[in-house]
Amino acid sequence: MRFLLDAEQRAFAASLDARLTAADTPSVVRDWSRGEHGSGRALWRRIADAGVFGLAIPEEHGGLGPRPVELVVAFVELGRHAVPGPLAETVAAAVLLAGLEDTGPAKRLLPALASGEVMATMASEGSYALDGDVADIRLALARDGVRLAAGHGPVRRSLDPGRHLTPLTEGGELLGGAAPFGPAVDHARLATAAQALGVGLALLDRTVAYVGQRTQFGVPVGSFQAVKHRLADAKIALEFARPLLFGAALTLDPADIAAAKVGACEAAYATARTALQLHGAIGYTAECDLSLWLTRARALRTAWGGPRECRELVVSGGGRRW
C-alpha cells in the first residue's frame, strides 16, 4: 500500500518546514537546555498559529480535529527540526481532556492549548513528566483518575539536553475519575514515532551532505562503497517506517501504533549511529548541531514505551498496560 499525501497536506508540511527553518531551532534548543524558555515559548506560539495543536482538539473546543494524519505530518516536521518542549505530551493531554465525561475541564483548558497560550505535560503516577517545570498544565494519571498537579519535584536532566524530566506532586484537582487513558497514550506514542521519523530524516540529510564534502585520499568520503551501503541501509529503514506510521494514523489501532513506534524509533536510532560513525570525532561534540538530533533519537526511542514494550503490544494485539 502506498501512502501519498495530498496537495493540501504537502503544502502544510512545506509551510511548517519553512516556518521552523526561519526560527533557527538549534539555537532555540540550546536556550531551552539552559533553562531559558523565552525563544521556545515564542516558537511554541508560532507552531500553534499554524494549527498543529488544534489537530488533536475537537472543533467545539477551539481546535481543528481530530485529524491524526495531519498531526503525523506536522510532527515529522517538528522532529526534523528538533523542536523542544512537551509536544507529544500536549497532544496526549488534549486527547485525555477531550475524552473526559465531565466536559467542564475540556471547555476550560482546551482552547488555551489549541491557541498555544499554554503547554501541557502528562505522566502516570510514579513516573517522570517531560518539562514539568515549564508546562502550565500538568496532568497526573492517578489511580482515582486524572488530577491537575499543582507542581513538580526536582528537575532531572535527560541524555537529550533539550528534555528535562520532573516528578509531579501528588494530589491536586481531580478532573475526572476512570478516565480513558488508552487513547491519550496512543496519541503520545504516535506523535513520538512521527518525531522520531523526522529526526532520522534530518540525520540522514545532514550526513549525506557531510560525506559529500569531507574528503579522504583525495576523493569525497561519500564515494566509498561501504559509506554508500550504510546510508542506503538507513534510508531503507526510514522509508519502511513511513507507511507504518501513516497506516497507524489511519487506523489508530494500539498494535499498529506500537509497530509504528518500533519501526520509526529503531530506524532513527540506527540512522543516528550511522551519522555518528560517518561524521567521526566531530559528531561527539556538543558544539556540533548534529548532537541535538543524535541525543533526541536516543531519548525518543524509550519515550512512551521502549522497543520491548511496543513489540509485546504488537504480539498481544494491542493489549494495554494503562
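In case you missed it, the structure is sitting above this.
Just so you know, these numbers come straight off a predicted model, no measurement behind them.

S.K.: So what exactly am I meant to see when it comes to the overall build of the chain here?
M.R.: Along the backbone of the chain there are eleven helices and nine strands. For the chain, the C-alpha radius of gyration of 19 Å lies close to 20 Å, the compact-globule estimate for 322 residues. Dimensions of the chain, computed from the C-alpha atoms along their principal axes, are close to 70 × 45 × 35 Å. Relative to its 322 residues, the chain shows a buried fraction of 55%. Expressed as a percentage of contacts within the chain between residues at least 6 apart in sequence, the contacts between residues at least 24 apart total 71%.

S.K.: Looking at this structure, how should I read the environment of R311?
M.R.: Mapped onto the elements of the fold, R311 is located in helix α11 (residues 307-316). Along the backbone, R311 and T274 are 37 residues apart, and their C-alpha atoms lie at a distance of 23 Å.

S.K.: Hey, could you run me through empty space enclosed by the protein in this one?
M.R.: The gaps of empty space that remain are located by a probe, the size of a water molecule, rolled over the atoms. Taken as a whole and judged by the stated rule, the model has three cavities of 30 Å³ or more. One number sums up the size of the largest cavity: a volume of about 80 Å³. Taken together, 16 residues make up the lining of the largest cavity; nearest its centre are G85, L130, R163, Q195 and L300. Of all the secondary-structure elements, those providing two or more residues to the lining of the largest cavity are α5 (87-98), α7 (181-213) and α10 (290-302). The element that contributes the greatest number of residues to the lining of the largest cavity is α5, accounting for three residues. Across the lining of the largest cavity, the residue classes break down as nine nonpolar, four polar and three charged.

S.K.: Just checking my understanding: could you explain the sheet that holds strand β1 (residues 120-124) for this structure?
M.R.: Strand pairing in a sheet takes place through backbone hydrogen bonds and is either antiparallel or parallel in direction. With mixed pairing, the four strands of this open sheet are ordered in space as β1-β3-β4-β7. Two strands bound the open sheet, and with one partner strand each, they are β1 and β7 (173-176). Neighbour-to-neighbour, the strand axes of this sheet turn through a mean angle of 30°, independent of strand direction. Across five bridges, β1 lies against strand β3 (residues 137-142) in parallel orientation. Within β3, the position partnered with M122 by the bridge is L139. Running over the sheet, helix α6 (residues 104-115) touches β1, β3, β4 (145-148) and β7 and is turned about 95° from β7.

S.K.: What should I look at first to understand the packing of aromatic side chains in this one?
M.R.: How two aromatic rings sit relative to each other is set out by the distance from centre to centre and by the angle between their planes. Tallied over the entire structure, the rule returns one aromatic pair. Each ring, one from W44 and one from F53, has its centre 4.6 Å from the other, and the planes form 25°; the classification is stacked. Per residue, the accessibility class of W44 equals that of F53, and both read buried.

S.K.: Would you mind showing me how to read the pattern of salt bridges here?
M.R.: Note that side chains of opposite charge can pair when their charged atoms are close. Scanning the model with the defined rule gives 16 salt bridges in all. Between D289 and R30 there is a salt bridge, with the nearest N and O atoms lying 2.7 Å from each other. Pair noted here: D289 is in the loop between α9 (254-279) and α10 and R30 is in helix α2 (residues 25-33), with a separation of 259 residues, a long-range link. Residue D289 is classed as partly exposed on the basis of its relative accessible area, which comes to 27%. For R30, a relative accessible area of 23% puts it in the partly exposed group. The partner of E36 in a salt bridge is R34, and the shortest N-O contact between them spans 3.6 Å. A single network of salt bridges, built from pairs that share partners, joins D31, R34 and E36.

S.K.: I'm lost on the layout of surface pockets in this one. Help?
M.R.: Roughly 450 Å³ of volume is contained in the largest pocket. Lining the largest pocket are 22 residues; nearest its centre among them are Y128, R163, T302, A303 and W304. Looking at the lining of the largest pocket, the elements with two or more residues in it are β1, β2 (128-130) and α10. The leading source of residues in the lining of the largest pocket is β1, at four residues. In this structure, the second largest pocket encloses a volume near 230 Å³. Taken together, L159, Y269, A272, R273, L276, G283, Y284, S291, L294, T295, A297 and R298 make up the full set of residues lining the second largest pocket. Taken together, the elements giving at least two residues each to the lining of the second largest pocket come down to α9 and α10.

S.K.: What's the story with the pairing of strand β6 (residues 164-167) in this structure? I'm lost.
M.R.: The side chains of a regular strand alternate between the sheet's two faces. Going residue by residue along β6, you find H164 and T166 tucked away on one face and L165 and P167 left uncovered on the opposite face. Two elements, β2 and β6, share three bridges in a ladder whose sense is antiparallel. When the bridges of β6 are listed, Y128 appears paired with P167. With two bridges connecting them, strand β5 (residues 156-157) and β6 associate as antiparallel partners. The residue of β6 that forms the bridge with R156 is L165. From the end of β5 to the start of β6, which pair antiparallel, there are six residues.

What counts, and at which threshold
- Residues numbered from 1 in each chain as written.
- Predicted model: local features only at pLDDT ≥ 70, side-chain atom pairs only at ≥ 80, totals over all residues.
- Heavy atoms only, no water.
- Helix = DSSP H or I, 4+ residues; strand = E, 2+ residues; numbered from the N terminus.
- Rg over C-alpha atoms; globule rule 2.2 N^0.38 Å.
- Buried < 20%, exposed > 50% of the residue type's maximum accessible area, 1.4 Å probe, protein only.
- Contact = heavy atoms within 4.5 Å.
- 1 Å grid on protein atoms, 1.4 Å probe; cavity = no way out; pocket = protein on both sides within 12 Å on 5 of 7 lines; lining within 4 Å.
- Points joined across faces, edges and corners; volume = space filled by probe spheres on them.
- Nonpolar A, V, L, I, M, F, W, Y, C, P; charged D, E, K, R; others polar.
- Pairing = 2+ DSSP bridges.
- Axes fitted to C-alpha atoms, helices over the stretch in contact; angles between N-to-C directions.
- Phe/Tyr/Trp six-rings, centres within 6.5 Å; stacked < 30°, edge-to-face > 60°.
- Salt bridge = Lys/Arg side-chain N within 4 Å of Asp/Glu carboxyl O.

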